[in-house]
Each structure stands twice: as structure tokens, then as C-alpha cells.
Amino acid sequence: MADEGKSYVSAEVSDMLESVSFLNIAYQPLKVFLRVRPFSVAELENHESQGCITIEDCQTVILSAPKESSAVKNSERGIGHSVHRFTFSQVFGPETTQSEFFEGSMKEIVRAYVNGVNGLVFTYGVTNAGKTFTIQGTSKDVGILPRSVDVIFNHIRGRQYLKMNFKPYLSTAVKKLEEAQAKQEEAIKSAVLASLKEETESISNTITNMCGVESTSSNCTLKSLPSDSLAENNFVPLDIYRTKMHQRMQASVWISFCEIYNEYVYDLLNVLSASKAQKRRVLRICEDQGGNSYIKDLKWINVQSAEEACKILKIGNKNRSFACTRMNEQSSRSHSIFSIRLLRLTDEPQPHVLGVSELSFCDLAGSERCNKTQAFGDRLKEAGNINNSLHILGKCIAALKQNQNPKMKPSYIPFRESKLTRLFQPFFCGKGKACIIVNVNQHASTYDETLHVMKFSAVAKQVIQPILPKNFDYFPPKLAGGNSKPAVHFDANIAVDDFPDSTETSTEEEVDITILSHEDLLKTTENLKEKLVAERQSKLLLEVKIRKEMAEAMFRQLLETEEAWSNRLEDMKDSYEEKLESKFEMYKEAIKKHAYVCAMEQIEDHYVPIEEFLAEQEKVEDRENKILQLERQLDEQSGRLLALGSPNPDILTTENNMELGRNIIWIFKVQFTLGIVYKQATFLLPLDLMNKTMKRANEGLQKQCKEKEELIKALKLKIQKLNETLLEANEGYRKMAEENSQLKHTIMLKDQEMNSLQNWATRVLELEETVSSLQKELEERKKHFSVEELKQQKARKGLLANLKSTVAATAGTPLGKGWGKHEDASSASRKHVLWAHKAKE
Ligand SMILES: Nc1ncnc2c1ncn2[C@@H]1O[C@H](COP(=O)(O)OP(=O)(O)OP(=O)(O)O)[C@@H](O)[C@H]1O
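Keep in mind the model is a prediction, meaning the values are calculated, not measured.

Colleague: In this structure, what is going on with the overall build of the protein chain? I would like to understand it.
Modeller: For the protein chain, the count of helices and strands is 20 helices and 24 strands. In the protein chain, which comprises 841 residues, the share counted as buried stands at 28%. In the protein chain, the share of contacts with a sequence separation of at least 24, taken over all contacts with a separation of at least 6, comes to 73%.

Here it is, written out as C-alpha cells:
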């Protein structure tokens, strides 16, 4: 049995954790929850149940491959196992209710979120595994998203900031809006809400029932929820996490909903015209100065109740890309991201922002293979894009896991290769807590896909997540006021309770110094001086520490950026090289093909099969032989004829002896062999006809000879033509050689392109130089800072001298007045020094 998903973290990572402990970064393993969905009646009837998944305990499941699965076939071939064991942060069986699941998985994240820590939850699994059910649920049985919204609104109840003049901006910033802009926001919200028809409000009604807006007690849900639903779901009150919130704090909730479909980002809250013919606008992913990704121009809608939030969820769902696959009638074909930003503001007439935290729910598209869904055309393209982005997510998780092992060479994490991972990147780099919900069904038919999902989660479970300390601003927020001027300063990860209350005053400052004696005053002055020095020293130390941390963080960021760039360059170089090589090959092939086709065409025109040619040649030789034979025969016959022309006396005697008037019968046997035909002719001729006959035979033979000669001529002509064809083929070959040389020339040009790529590499070197110059600058700044330090010390000495002389000079004057002036002057000079220092910085 393969044992997967165990935590191998402690031994490997402890060294690394020690080495970075000075940065006070908290590390915690990524939480991975498994939810097994129950069978539906139809599935049980289809015999989908084959005992593939067995829950061993609350953290372990065992997967046993069914007979038809590839896993069984592979294990029979000796590749892999047919039984696998996986461990998770927690396993939720098919009988788990929505509320139990929310309790077990989301508690920690939502609690951290309302206290200012960002959170990301995403569901991973094959189509029809219950991802959407887990996040959104049904109108009767809501999922983790509506439940989290409910907890958030219960948490901020009574302290909601109802105006819309503070709005989330970029990735972690807040923008202060003018009155007109705030009104515009209200109009946008009304337009979005108006797009939802009245009759489709069942979810939100349920939520209204659940949270019972008019009710104030924490168990209002129990009171207002329908009794049957309560019995069915064993519902647990949602607002049990109502934490002690600073009474003087207000909160404003903003919501966005988008989808990544075929690697394009779309805003699901964009109101489209009723005709639906309008094309959806594609949004871009950008980065702010801190390197945080955000979706440019994404709509953020201010919501003031859980009901409104659910309406918005419903509106977004209407615009989502669903399709009917073979495995799920309403399959999500995109990754959807529902985000809630909580702005924490001070409770003042002119509030200022204390912090922003974000909670995102990402419902990933199903990770099925294309053949299982029987996808074609658009569906196939979707499946390809879904699989690609999930594959890159898997690659990032694997690289994160590898990089946490200090013994292994750090590998490049391809966050930028897909939109999804680009948006998730900050969560894996310390922006907040992330958790993965792995959804699986128990179908035997999707066993192989489920096994794949489990393997992904086994790797994910070993990832250690860094959580940056609250005072460590790794992602410095850009802050903008009404006119995009810097307005408010806050740290996204600082909890409200951690903020010092600026309105509180020290009791010491409130002492009336006019009632003190001269000695007491001197003592107080001395005390104050000491305190001042101590305070300054501690501030300086703090500043040095902060600067050091900042410098280290910056340096690290620079190194990371440099590494990322050089990796990217390497990748680009490799891919260009690959592309060039494949193009060369393509061109080569194309030219070869072209040349071959041309040669074939030429040959086809003049083609004489070699067998035919040889047969013709044989025939010619045959006929030549026959002609020779015939000539020889002719000679013989003409010799005989000549002999007959001067008759032998013996013969004549014999002839005389023969009957007069009787013709002498000469029997000639003329054998002709013309071509393939053998002809035997027997002539019985009277002597006087013989000459004529011979003459005719001679003529015939001559005619035949002529014919043969003509045939020979024709054959010679054919041979000549064949020779010409050969010459042409030769010419074609020569042209091909020429084209080949042209190709070589092209290759040379491509080589030059390669050289230009090498110039890129030189640019990398230049970048390195820039980094070193930045380092130098940093050094200089440090030096500068120490010089400033010296100056400040001098100013401080001058300040003290001033103080002394003023005390001496005011010995006879009313104390309060002189002291007050002196205080003003010294604070002015202090401010002056500080301003000068800031300006130099
Ligand atoms: N825990 C559960 N209890 C009861 N029914 C469930 C559960 N999980 C899922 N279902 C039901 O299974 C079906 C498929 O679930 P769902 O649509 O959530 O799958 P999915 O993984 O989101 O699929 P896709 O990726 O195709 O969108 C739905 O009808 C849903 O109601």
C-alpha cells in the first residue's frame, strides 16, 4: 500500500525555520481538508459504489482501485499500487452536514479574518465532486460562503460604517472617495442589485431567516430557522465567534465576484444588456508597487447585510460560465473567485482606516480529463485551459514544497504562468492563511481522476505556509486619499486590538507644572531629560531594527525579483531556442517536401518504368539478332538462287530425265522469324515463278529490314528522350542543391538571432549591476543615516544647552510662561531637525 500525504516536514524544515527565526515569521502547514460526497440514488442504481474510498480515521482515507480503473491495470503491470493511503488535516465523510463542515474547516480562517488576517479557501476536485455545493450550497442548505458572510455580519453588527466613501483600491489599499464618487458607487450598487429578479431570492431569504436581522442575540439563527431545516441540518449558531471588537471601530464590507474562463478574467458583477449579445469585458491582472497582484477595474460593491451579499452571489452565478458535461448537468467551466474585503475604520466623524483584510472563496473548475466528459469543440478548449491552470497550480505547490527543503536546489515557482496562480501567489508568500478543500465522489468510473486529485493534495499537505508577523510589512500597502494623495497609513495584517489608541493621553503629560517648586521643576526636567534620552535611544534602536528589517526584506525581494527575472529569461531563451529549432526543422522538412514533390512531378511527366525500358531494350536486341539471322538467311538464299541461275549439267540431266512439260517442283522452306512470330511457309512453285517468288521474298525481307530500322530509330529516339529526362532530373537536383544552400543561409540568419538572444543575457548582467548599485545606494543611505544621527545628536546637545540657559534665565520670571515658550522653541527646533531628516530620506 502506498502511504501518501504524510507530513515529512519537521525533520527537513526545522533547520530552515531556525535559520529564519530572527525575522519572526510564523510557519504553519497548509490546511488540506477532504470532503467525501454521498452517493445519489441514481448513482447507486448505476452501481457506482464499489467501495473505492474507505475512511480509516478522521485524518486518513484508503483508496482501493476498482477493476476497470487504469490504476489496477498499471499495478498488474507492476507500475504503482492498487491501494493508496492519504492523510489530511481532517476528513469529512459523506454524512457530514454543511454546518458540521463549516465548523470543522472554516472556524480558524473566519476568526482570523475578522481579526485582520487575510484568508483564501479553494476547492479542488473532479467534476461533480461537490465543490460548488461545499462553497455555495443550495437554497435550503447553504455552504461555507453564505455561512462565513453571516458570521462576518454578526461580528460587525451595530458597528457598520454605512457610507461608501472608503473603497478598496488596488490590492491592499483604500481610496477615499469624494461625495459625488460615493453617490456613483451607490448608483452602481443599485444597478447591480436591480439586475436580479424578485423571484430568485430564495437563498437570501434563507440567510435572512438564518441571521434574523431584527434579532440581536447570538442564537438568533436557532430561533428564526425553520424547524424542519434545523432538524435536518443539525444547525449550529453561526455567530459564536463574535469576538471582542474594539467598541470605537467601524467596519465597511465590500464584495467582488469574478471568474477565470479560458485564461481570461471576467467580472461577474458587470451588468450586461438583456440581449446577452454584448461581449463581456476582459479584465487584466496587474501588480502594485509592493508586487501584489490585483484585478484591474474589478467591481467592488459595498454590502450592508448578509442578504445583500447573497443577492450579489446569485447575480454573479447568473453570469457564470456553466455547461452541461456528461458528468454534471450544471458543471462550472471556470474558476470563480468571490472576495470579501473588510475595511476597519475608526469611529469618528472623520474616520481613518485602521486596516483591510480580504477573504476569498475560489471554486475551481472540475479537474476531469477531456475523454471522460466526452468534450469537443469549445468544451474541449475549456477542459484544456482548466487542466492547464490546475496543472500549473500543481507545479507551484510542488515547487513550494521542494523549496522548503534546504538540502535541495531552490526551484522556480511558476506563479506567473496562469492567471489563477498569479492571484494566489501572495497567499503562498505570507499574505494570509490559505486552505484547500478537496472534494471527491466515490464513483468507480472517476477513480483515476480522484486518485490524481488525492496525489495533488498529498503534495499540498506538505507545503509550509509562511505567515508574516503583523508588524512586518512585506506587502506595503499603497494608500490613496480623495485625490489619490497619500492619506491613511495602515498595515493589512495588524489586528484592531494591536493599534495604539491615538486619542489616549498620558497622565504625566497632564500634570500642571506651574504648581511645582523650582527644585521639583529641576528634578522633573532632569527626569524628563533622562526619559527623553531613553525614549530617543529606544526609538533609534527601533528605527535601526525596522530599517534593518526593511533593508533585509528589500534585499530579499530584490534577490527574488532578480532570480525570477533570470529564470524567466532562461525560460524565454530556452523556449525561443526550442521554437527556432522547431522552425528550422519545419522549414527543412517543407523544403525537402517541396523539392521531392517537384522532382516527382518531373519524373511523372517522363516516367518510363525500368522494367518496360529493359523489356524494350531486350526486344531491340532480339530484333537486331533476328535481323542478322534473316540477313544471313537472305545471303544463303541468294547464294542458292545464284547457284540455281547457272544450272548444273547433272541436274539438267536429271531434269531432262524427268517428264517434259512437267514443272519441276522446288520445295522451298522459307522460315521467317519476325519478332515473336515464327512463320513457316512452304511454297510449291513452278520454276518460272520461283524468281518472282524469291524477288518478292527479298522485297518482303527488305521491307521488314526497313521496318526494323525504323523501329530501331524510334527506340533510339526514346533513349534520347530518356536521356533528356535524366538531364532534367539532374537539373532539378541542382536546383534542390541551390535551395539547400539558401536554407543554410537562413540557418545562418537564425544563428544571428541567437546572438541577439545572447544580448539578452548581457542585459541580465546589466540588471545584476543595477542590483549591486542599489546595494551601494543602500550602504550610502546607511552612512547618510549615521551622519544624520550625528547631526541630530549635535542638535540635541544644542537643545539641552538651550534648555539649561532658559531655565537659568527664567529663574525670576513666572515659570509657566517661560517654560511654555521654551517648550515651543525646542519642539520647533526638534521638528525642524526631524523635517530636515525626513526630507533627506
Ligand atoms: N455533500 C453533499 N451532499 C449532498 N449532495 C451533494 C453533496 N455534494 C454534492 N452534492 C450534489 O452533487 C451534485 C454535484 O455537485 P456540485 O455541482 O457541487 O459539483 P462540482 O464539483 O461543483 O462540479 P463542477 O466542477 O462540474 O461544477 C449536485 O447536485 C450537489 O447537490
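Having seen it, we continue.
Colleague: Please clarify how helix H15 (residues 447-460) should be interpreted in this entry.
Modeller: Since the α-helix packs 3.6 residues into each turn, any two residues three or four apart lie on the same face. Counted at 1.5 Å a residue, the expected span for H15 with its 14 residues is 20 Å, and the 20 Å between its end C-alpha atoms agrees. Most of H15 is tucked away, with ten of its 14 residues classed as buried. Buried within H15 are the following residues: Tyr447, Glu449, Thr450, Leu451, Val453, Met454, Phe456, Ser457, Ala458 and Ala460.

Colleague: I'm lost on the confidence of the model for the protein chain in this one. Help?
Modeller: Where the model shows low pLDDT, its predicted coordinates should not be examined in detail. Scored by pLDDT, the protein chain has a mean of 75; 69% of the residues are at 70 or more. Here the predicted complex carries an ipTM of 0.98, next to a pTM of 0.54.

Colleague: What should I look at first to understand the packing of helix H6 (residues 144-156) against helix H11 (residues 306-318) in this one?
Modeller: Helix packing geometry: the angle between the two helix axes and the distance between the axes. Direction vectors running N to C along H6 and H11 enclose 150°, while the axes themselves pass 9 Å from each other. Looking at the two axes, H6 sits roughly antiparallel to H11. Read as a crossing pair, H6 and H11 show a hand that is right-handed. The residues of H11 that touch H6, namely those facing Leu145, Pro146, Val149, Asp150 and Phe153, are Ala306, Ala309, Cys310 and Leu313.

Colleague: How do you make sense of the nonpolar core when you look at a structure like this?
Modeller: General note: in soluble globular proteins, nonpolar side chains tend to be found buried as a group. One finds Leu34, Ile255, Ile312, Ile436 and Val438 to be the most contacted residues of the largest nonpolar core, which totals 105 residues. Broken down by element, the residue count for this core peaks at eight residues, all from strand S11 (residues 249-261). For Val438, the residues in contact, after removing those within four places along its chain, are Val32, Phe33, Leu34, Tyr124, Gly125, Val453 and Ser457.

Colleague: Can you walk me through the UniProt feature "binding site: ATP" (unreviewed entry) in the protein chain in this structure?
Modeller: Sequence positions flagged by UniProt for "binding site: ATP" (unreviewed entry) are, in local numbering, Gly125, Val126, Thr127, Asn128, Ala129, Gly130, Lys131 and Thr132. On the secondary structure map, Ala129 appears in the loop between strand S8 (118-125) and helix H5 (131-135). Here Ala129 is in contact with Arg37, Asn439, Val440 and Asn441, once residues within four sequence places are set aside. With respect to the helices and strands, Lys131 occurs in helix H5. You can call Lys131 buried: it has 28 C-beta atoms within 10 Å. Here Lys131 is in contact with Thr123, Gly125, Asp363, Leu364 and Asn439, once residues within four sequence places are set aside.

Colleague: I keep staring at the pairing of strand S5 (residues 60-64) and nothing clicks. Help me out?
Modeller: Consecutive residues of a regular strand have side chains that alternate between opposite faces of the sheet. Across the two faces of S5 the burial differs, with Val61 and Leu63 buried and Thr60, Ile62 and Ser64 not buried at all. The loop that links strand S4 (residues 53-57) with its antiparallel partner S5 comprises two residues. Here S5 runs beside strand S6 (residues 83-87); their pairing, made up of five bridges, is antiparallel. Pairing of Thr60 across the sheet is with Thr87, part of S6.

Colleague: Can you walk me through the environment of Leu559 in this structure?
Modeller: Following the sequence through the fold, Leu559 ends up in helix H16 (residues 518-605). Taking the C-beta count within 10 Å as the criterion, Leu559 has 11 such neighbours and is therefore assigned exposed. It is 9.6 Å that separates the C-alpha atoms of Leu559 and Glu768, two residues lying 209 residues apart in sequence.

Colleague: Help me understand unusual backbone geometry, please; the structure alone is not making it clear to me.
Modeller: For residues other than glycine, phi is negative in most cases, and the peptide bonds are mostly trans. In this structure, Asn128 takes a positive phi of about 75° despite not being glycine. Among the secondary structure elements, Asn128 is positioned in the loop between S8 and H5. One non-glycine residue, Asp297, adopts positive backbone phi at about 65°. Along the chain, Asp297 turns up in the loop between strand S15 (293-295) and strand S16 (301-303). A tally of 11 C-beta atoms within 10 Å means that Asp297 is categorised as exposed.

Colleague: Mind showing me how you'd approach the environment of Gln136 here?
Modeller: Inspection of the secondary structure puts Gln136 in the loop between H5 and H6. The spacing of Gln136 and Cys310 is 174 residues in sequence and 9.6 Å in space, taken between C-alpha atoms. Apart from residues no more than four positions distant in its own chain, Gln136 is found in contact with Gly143, Leu145 and Leu313.

Colleague: Quick question: what am I supposed to make of helix H7 (residues 179-194) here?
Modeller: Here H7 spans 23 Å end to end across 16 residues, near enough to the 22 Å set by a 1.5 Å rise per residue. Regarding H7, the residues found buried are Glu185, Lys189 and Val192. Each buried residue of H7 sits inside an arc of 65° when the element is viewed along its axis, so together they form one side. Residues of H7 that are exposed and point over 90 degrees away from its buried face: Glu179, Ala180, Glu186, Ala187, Ser190, Ala191 and Ala194.

Colleague: In this structure, what is going on with the pairing of strand S3 (residues 31-36)? I would like to understand it.
Modeller: Counting buried residues along S3, six of its six residues qualify, which places the element largely inside the surrounding structure. Both faces of S3 are covered, namely the face carrying Lys31, Phe33 and Arg35 and the face carrying Val32, Leu34 and Val36. Alignment of S3 against strand S21 (residues 432-440), held across six bridges, turns out to be parallel. Along S21, the bridge assignment pairs Lys31 with Cys435. In this sheet, strand S7 (residues 90-92) lies alongside S3 in parallel orientation, the contact comprising three bridges. From the neighbouring strand, Leu34 faces S7, where its bridge partner is Val91.

Colleague: What exactly am I supposed to notice about the packing of helix H4 (residues 98-114) against H6 here?
Modeller: At a minimum axis separation of 10 Å, H4 and H6 run at an interaxial angle of 40°. Our classification of the angle between H4 and H6 gives oblique. As for the relative orientation of H4 and H6, their crossing is right-handed in sense. Across the interface between the two elements, Phe101, Phe102, Met106, Val110 and Val114 from H4 touch Ile144, Arg147, Ser148, Val151, Ile152 and His155 from H6. When grouped by side-chain class, the residues that make up the contact of H4 with H6 number eight nonpolar, two polar and one charged.

Definitions and limits used
Residues numbered from 1 in each chain as written. Predicted model: local features only at pLDDT ≥ 70, side-chain atom pairs only at ≥ 80, totals over all residues. Helix = DSSP H or I, 4+ residues; strand = E, 2+ residues; numbered from the N terminus. Buried ≥ 20, exposed ≤ 12 C-beta atoms within 10 Å, placed from the backbone. Contact = placed C-beta atoms within 7 Å. Expected span 1.5 Å × (residues − 1). pLDDT = per-residue confidence, 0-100. Axes fitted to C-alpha atoms, helices over the stretch in contact; angles between N-to-C directions. Parallel < 35°, antiparallel > 145°, perpendicular 65-115°, else oblique. Left-handed = near helix turned anticlockwise from the far one by under 90°. Core = buried A, V, L, I, M, F, W, Y, C linked by C-beta atoms within 7 Å. UniProt positions renumbered as here; feature names shortened; annotations may be inferred. Pairing = 2+ DSSP bridges. Arc of directions from axis to C-beta. Nonpolar A, V, L, I, M, F, W, Y, C, P; charged D, E, K, R; others polar.

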